[in-house]
Amino acid sequence: MENSNMKFCPHCDARIPAECEVCPVCGKKIRPRLGELTDAQIKRIRRPITIVLCIVVAIVLYFKYTR
Ligand SMILES: [Zn+2]
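On a predicted model such as this, the values are computed, not experimentally measured, just so you know.

Thresholds, definitions, all that
Residues numbered from 1 in each chain as written. Predicted model: local features only at pLDDT ≥ 70, side-chain atom pairs only at ≥ 80, totals over all residues. Helix = DSSP H or I, 4+ residues; strand = E, 2+ residues; numbered from the N terminus. Buried ≥ 20, exposed ≤ 12 C-beta atoms within 10 Å, placed from the backbone. Contact = placed C-beta atoms within 7 Å. Expected span 1.5 Å × (residues − 1). pLDDT = per-residue confidence, 0-100.

1. A word on the overall build of the protein chain
Item 1. In terms of helices and strands, the protein chain carries one helix and two strands.
Item 2. Order of helices (α) and strands (β) in the protein chain, N terminus to C terminus: β-β-α.
Item 3. Here the protein chain holds 67 residues, and 0% of them are scored as buried.
Item 4. When contacts within the protein chain are restricted to residue pairs at least 6 apart in sequence, long-range pairs at least 24 apart make up 3% of them.

2. Observations concerning the environment of M6
Item 1. Relative to the helices and strands, M6 resides in strand 1 (residues 6-8).
Item 2. On the neighbour-count criterion, M6 (12 C-beta atoms within 10 Å) is exposed.
Item 3. Excluding its chain neighbours within four sequence positions, the residues that come into contact with M6 are R15, I16, P17 and A18.

3. Overview of unusual backbone geometry
Item 1. The phi dihedral of D13 falls on the positive side, at around 65°, and the residue is not glycine.
Item 2. Mapped onto the elements of the fold, D13 is located in the loop between strand 1 and strand 2 (15-17).
Item 3. The class for D13 is exposed, based on 11 C-beta atoms found within 10 Å.

4. Some thoughts on helix 1 (residues 39-66)
Item 1. Compared with an ideal rise of 1.5 Å per residue, which puts 28 residues at 40 Å, helix 1 spans 40 Å between its outermost C-alpha atoms and is within 8% of the ideal.
Item 2. A small share of helix 1 lies buried, amounting to zero of its 28 residues.

5. Quick look at the confidence of the model for the protein chain
Item 1. Residues of the protein chain with pLDDT of at least 70 account for 84%, and the chain-wide mean is 84.
Item 2. Within the protein chain, the lowest mean pLDDT, 89, falls on strand 1, and the highest, 91, falls on strand 2.

Here you go:
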């Protein structure tokens, strides 16, 4: 048995094969990657969004004051 290919079901905490999309124990669907996102990964995604937002706000303000 290879432990590295196992994961825990987020619904019933049963040990199931990592490639399973549906838990064989409780029968619920397992989201492949969304549930595995850590806080650091979420911050990494949010950072570029805030930078883009700042640029958009800067452009809007620029056109507001130049007209
Ligand atoms: Zn389960």
